Amino acid sequence: DISMHSYKNMTILPGISTYVGADIVSGIVACGIDQKEEVSLLVDLGTNGEMVIGNKDRLLVTSTAAGPAFEGGNIRYGIAGVPGAIDTVTIFNNHPAISTISNKKPIGICGTGVIETVYELVKGKIVDNTGLIADKYFDNGYPLTENISFTNKDIREVQLAKSAIRAGIEILVTSYGIDYSQIAHLYLAGGFGQKINYTKAVGIGMLPKELNDRIISVGNSSLAGAGMLAMNSELSHRFTHIPEISEEISLANHKAFNDLYLEYMSF
C-alpha cells in the first residue's frame, strides 16, 4: 500500500487558527495581499465562510458558519456545480428563464443559481423583504422548470448563509478601523465565488454595495497559492510570515455579531 507518508518531499503549509487554516494562508499569497500597502478583503465562500482583511503589515481573519446553501446543500433541488445544474435565472413578468451548466437538461440548482433565484424573486416581489414567499407558492415552491421549484425553506437557508457572510464582513471592516472606501479589492474565492453574479449577490445583501465595483473572482485561491509555492520554494517565507501578522476575531464571542446577523437577514 502507498500512503502519504511515503512521500518525503511533502510540504505542510501553516494555518492561522483552528478555523482559518492553510487554505486561507495560501489564498492570501495567491492574491498578493501580504505584499501590498493597500488594504484588501478576501472572502472564501463555502460552508465555512473564511475571511481576511488587511495588507502587508496587519491581517485580521475570521470564519463564520454560513451553511451549505451556496454549494447547493439544504436546498430541495440543490446540487453541486455539475452539468445540468441551473446556474443563471431571470424572471420577467413572472416567467422564469434559466440556463444550465454545459447547456444540459436541468437536473437541479447550484449555488450561483440559488443566489440568482432569490434575487429575482425578491426583485419581482414574489418574496418580500422578510423572506416570505407569496401564498400561491408557499406549499410547493416557485417553479423554475416543470420538475424543479424553489421553496420558502430554500429562501430561509439563503438568508441564514448570506447574513452570516455579510455580518462577518462588517465586523472585520469595523474591527480593522477603516470604512469601505479604504478597501482596494474584495477577492471572492472558491468555485462558487468564481461564477457568482456580483450585482445579484449585492442585491440580496450578501456583499456590501459599497464594494460592488471592486469585486474580483479568484477561483480556487488555495490551490493557486500552493501551486506558486511548488513552482518557487523561495516563497515559503511568505507562508510563515502571514500567521505572524494575523489576528483572529471570534464572531461567536463578538457582541455585535448577533445584532448584525439579524439585521442582514432581511432583503
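Residues numbered from 1 in each chain as written. Predicted model: local features only at pLDDT ≥ 70, side-chain atom pairs only at ≥ 80, totals over all residues. Heavy atoms only, no water.

J.: In this structure, what is going on with the overall build of the chain? I would like to understand it.
T.: Assigned secondary structure in the chain consists of nine helices and eleven strands. Here the C-alpha atoms of the chain give a radius of gyration of 20 Å, agreeing with the 18 Å that 2.2 N^0.38 yields for 267 residues. Reported as C-alpha extents along the three principal axes, the dimensions of the chain are approximately 60 × 50 × 30 Å. The long-range share in the chain, meaning contacts at least 24 apart out of those at least 6 apart in sequence, stands at 66%. (Helix = DSSP H or I, 4+ residues; strand = E, 2+ residues; numbered from the N terminus. Rg over C-alpha atoms; globule rule 2.2 N^0.38 Å. Contact = heavy atoms within 4.5 Å.)

J.: Please clarify how the sheet that holds strand β4 (residues 85-92) should be interpreted in this entry.
T.: Where strands meet in a sheet, backbone hydrogen bonds hold them as pairs that are either parallel or antiparallel. One open sheet holds the three strands; their spatial order is β5-β4-β6, and the pairing between them is mixed. Looking at strand neighbours, the two that pair on one side only are β5 (95-100) and β6 (108-109), the edges of this open sheet. Two strands pair when backbone bridges link them, and β4 and β5 are joined in this way by six bridges, in the antiparallel orientation. Bridging across to β5, Thr88 finds its partner in Ser99. Contacts from helix α2 (residues 111-123) reach β4 and β6 within the one sheet, and its direction differs from that of β4 by about 15°. (Pairing = 2+ DSSP bridges. Axes fitted to C-alpha atoms, helices over the stretch in contact; angles between N-to-C directions.)

J.: What exactly am I supposed to notice about the pairing of strand β2 (residues 48-54) here?
T.: As a general feature of sheets, a regular strand has side chains that alternate between the two faces. Burial analysis of β2 places six of its seven residues in the buried class, the great majority of the element. Note that strand β1 (residues 39-44) and β2 share five bridges and pair antiparallel. Bridge pairing in β2 links Asp44 to Glu50. Taking the residues between adjacent antiparallel strands as the criterion, β1 and β2 are bridged by three residues. Of the strand pairs in this sheet, β2 and strand β3 (residues 59-65) are connected by seven bridges, and their pairing is antiparallel. In the strand pairing of β3, Gly49 is matched with Thr64. Hairpin connection of β2 to β3: four residues between the antiparallel strands. (Buried < 20%, exposed > 50% of the residue type's maximum accessible area, 1.4 Å probe, protein only.)

J.: How should the environment of Leu60 be read in this particular structure?
T.: Note that Leu60 resides in strand β3. Residues Leu60 and Ser246, spaced 186 residues apart in sequence, show a C-alpha to C-alpha distance of 5.6 Å. Sequence-distant contacts of Leu60, defined by excluding residues within four places in its chain, comprise Met51, Val52, Ile53, Leu172, Ser175, Tyr176, Glu247 and Ile249.

J.: Help me understand the packing of helix α1 (residues 22-31) against helix α8 (residues 236-244), please; the structure alone is not making it clear to me.
T.: Helix-helix packing is described using two parameters, namely the angle between the two axes and the distance between the axes. One can describe the packing of α1 onto α8 by two numbers: an axis separation of 10 Å at closest approach and a directional angle of 115°. Here the hand of the crossing between α1 and α8 comes out right-handed. Between α1, through Val25, Ser26, Ile28 and Val29, and α8, the contact on the second element is made entirely by Arg238, Phe239 and Ile242. Its residues placed into classes, the contact of α1 with α8 shows five nonpolar, one polar and one charged. (Left-handed = near helix turned anticlockwise from the far one by under 90°. Nonpolar A, V, L, I, M, F, W, Y, C, P; charged D, E, K, R; others polar.)

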